[in-house]
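# Chains, contacts and geometry: an overview
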Amino acid sequence: MTDAPFIPYGRQDISEDDIAAVVDVLRSDFLTQGPKVPEFEAAIAAATSAAHAVAVNSATSALHIACLALGLGPGGLLWTVPNTFVATANVGRLCGADVDFVDIRDNDYCMDPAALQAKLASATRKPDIIIPVHFAGQSANMKAIGAIARAHGIKVIEDASHAIGGSYNGTPIGACEFSDIAVFSFHPVKIITSAEGGIATTQNPDLAKKMDLFRSHGVTRDAGLMENQNPEPWEYDQVALGLNYRMTEMQAALGASQTLRLAEFVAHRHKLAKRYDDLLGGLPLITPWQNPDSHSALHLYPILIDTDRTNRTRRQVFDALRAANIGVNVHYIPVHTQPDYQRLGFRRGDFPVSERYYDRAISIPLYFGLDDAKQDRVIEALRAALA
Ligand SMILES: *Cc1c(COP(=O)(O)O)cnc(C)c1O
């Protein structure tokens, strides 16, 4: 063990301005359903070149209302990747639909367009929705995935939980150039935070209106949406079955304040990643590939233990780093291997690229507050673990 201070794999950076923004809300008239949520939505819409942004209390909620807005329900089918957080798949089941997976590519660790094409060619049931995940902040191959989906009449949601501040094919992630809806997470480990929170962006006003309804009970006072043609002044109409997924004003104020530093956050992540790229060269590791079509938001820096060049196991390296007080983590345990998915009939072996990636992966620290000295500690610990 060591006395050296703990270095997490990711963490938030909160400024005095962020704190002041939240305190101002606490002194104001609105803790919820006030002006801050629309302000945060406008900031994210501007940052992503999206026409509409709908803020909710988590990315999980955003994925859920995105599926509902696209009409997913019992009898429906959603496909995503195994290399994601469980929420991406779970939302399909929460809609009453079935879920299946498409394997990843072994360079960007995102949905493999060739595997998608092959699975569609032999599928007896076509999915209604596919959800590619922009793993580690780097866009999936959306040109290819979008073209395949369009040809088959399949809707596309981008799980961009890792990717706010990134771009692809020259446009910001969230502009939905090759998708219907994109979803971002503002959990504290992500690029910017609202403590808990998520946003769905879209260019489609109809989908935005539906998501707005689903986040708040399916209830509206908008004359254009009300079915009651002659409402009393106090009346609202429930026109759909919705939930309470609303974001609070404190969360939105924090998110809006953090958005002002989005470019700075992403630039620092790039500086740190470049340093890792340079200083980890020569070790028996595979460092993350950067797709030239993509400017990653660099949420994660996942390294793979190169088992052809070392007989150290992932577990040995993981344990050595944890013993050095470095909070490494593993992203992701393939979703289909979770007990709750095994009960549905999925088995290890079903998605070999995701499994082989997972078996070797470790996410090493990458966050705004990581400085050169702390990063050097991570590199030295890795060097020692692999020596
Ligand atoms: C974090 C994350 C989610 C869930 O985000 P919450 O805001 O915590 O609900 C979903 N998908 C991916 C890929 C994530 O990383």
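Residues numbered from 1 in each chain as written. Predicted model: local features only at pLDDT ≥ 70, side-chain atom pairs only at ≥ 80, totals over all residues. Heavy atoms only, no water.

### Describing the overall build of the protein chain
- Counting its secondary structure elements, the protein chain contains 13 helices and 17 strands.
- Over its C-alpha trace the protein chain gives a radius of gyration of 21 Å, about what one expects of a compact globule, namely 21 Å for 387 residues.
- By its C-alpha atoms, the protein chain is 75 × 55 × 40 Å across when sized along the principal axes.
- Across the 387 residues in the protein chain, those meeting the buried criterion constitute 54%.
- Summarising the internal contacts of the protein chain: among those between residues at least 6 apart in sequence, 72% fall at separations of at least 24.
- Taken as a whole, the protein chain presents about 16,400 Å² of accessible surface, with 52% of it coming from carbon and sulfur. (Helix = DSSP H or I, 4+ residues; strand = E, 2+ residues; numbered from the N terminus. Rg over C-alpha atoms; globule rule 2.2 N^0.38 Å. Buried < 20%, exposed > 50% of the residue type's maximum accessible area, 1.4 Å probe, protein only. Contact = heavy atoms within 4.5 Å. Areas by Shrake-Rupley, 256 points an atom, 1.4 Å probe, with all protein chains shown as cover.)

### Structural notes on the site of the ligand
- Taken together, 14 residues lie around the ligand, and Thr60, Asp159, His162, Ser185 and Lys190 are the ones closest in.
- A breakdown of the residues in the shell around the ligand according to their chemical character gives four nonpolar, eight polar and two charged. (Near = heavy atom within 4 Å. Nonpolar A, V, L, I, M, F, W, Y, C, P; charged D, E, K, R; others polar.)

### Some points on the sheet that holds strand β15 (residues 301–305)
- Strand order in the open sheet made by the three strands is β13-β15-β17, with antiparallel pairing throughout. Looking along the sheet, the strands with just one partner apiece sit at the ends: β13 (285–286) and β17 (361–364).
- Pairing of β13 with β15 involves two bridges; the strand directions are antiparallel. Looking across to β15, one finds that Leu285 is bridged to Ile305.
- Helix α10 (residues 314–323) rests against β15 and β17 of the sheet, and its axis sits at about 20° to β17. (Pairing = 2+ DSSP bridges. Axes fitted to C-alpha atoms, helices over the stretch in contact; angles between N-to-C directions.)

### Re the environment of Val328
- As for its placement among the helices and strands, Val328 is situated in the loop between β16 (326–327) and α11 (339–342).
- A relative accessible area of 0% places Val328 in the buried class.
- For the pair Val328 and Pro365, spaced 37 residues apart in the sequence, the C-alpha separation amounts to 6.5 Å.
- Dropping the residues within four chain positions of it, Val328 is found in contact with Tyr9, Phe318, Leu321, Arg322, Ile362, Ser363, Ile364 and Pro365.

### A look at the pattern of salt bridges
- Evaluated as defined, the whole model comprises 20 salt bridges.
- Between Lys36 and Glu39 there is a salt bridge, with the nearest N and O atoms lying 3.2 Å from each other. Highlighted residues: Lys36 and Glu39, both in helix α2 (residues 36–48), separated by three residues, approximately one helical turn.
- A relative accessible area of 25% means that Lys36 is categorised as partly exposed.
- The closest approach of N and O atoms between Asp278 and Lys274, which form a salt bridge, is 2.8 Å. Residue Asp278 and its partner Lys274 are both found in helix α9 (residues 262–280); the two are separated by four residues, about one turn of the helix.
- Asp278 gets classed as partly exposed once you look at its relative accessible area, which sits at 48%.
- Residue Lys274 is classed as partly exposed on the basis of its relative accessible area, which comes to 48%.
- A single network of salt bridges, built from pairs that share partners, joins Lys271, Arg275, Asp372 and Asp376. (Salt bridge = Lys/Arg side-chain N within 4 Å of Asp/Glu carboxyl O.)

### Focus on the sheet that holds strand β8 (residues 171–172)
- Spatially, three strands are ordered β8-β7-β14 in an open sheet, and the strand pairing comes out antiparallel. What marks the edges here is a single partner per strand, and that holds for β8 and β14 (294–295).
- In terms of strand pairing, strand β7 (residues 167–168) meets β8 through two bridges, oriented antiparallel. Residue pairing across strands places Ser167 opposite Pro172, the latter belonging to β8.

### Describing helix α7 (residues 205–214)
- Taken together, the buried positions of α7 are Leu207, Ala208, Met211, Leu213 and Phe214.
- For α7, the secondary structure elements touched by its buried residues are β2 (52–56), α3 (59–69), β9 (181–185), β10 (198–202) and β11 (219–220).
- Regarding α7, its N-cap is Asn204, as a side-chain oxygen of that residue lies 2.8 Å from the backbone nitrogen of Asp206 further along. (Polar contact = N/O pair within 3.5 Å; in protein donor to acceptor, adjacent residues only side chain to side chain.)

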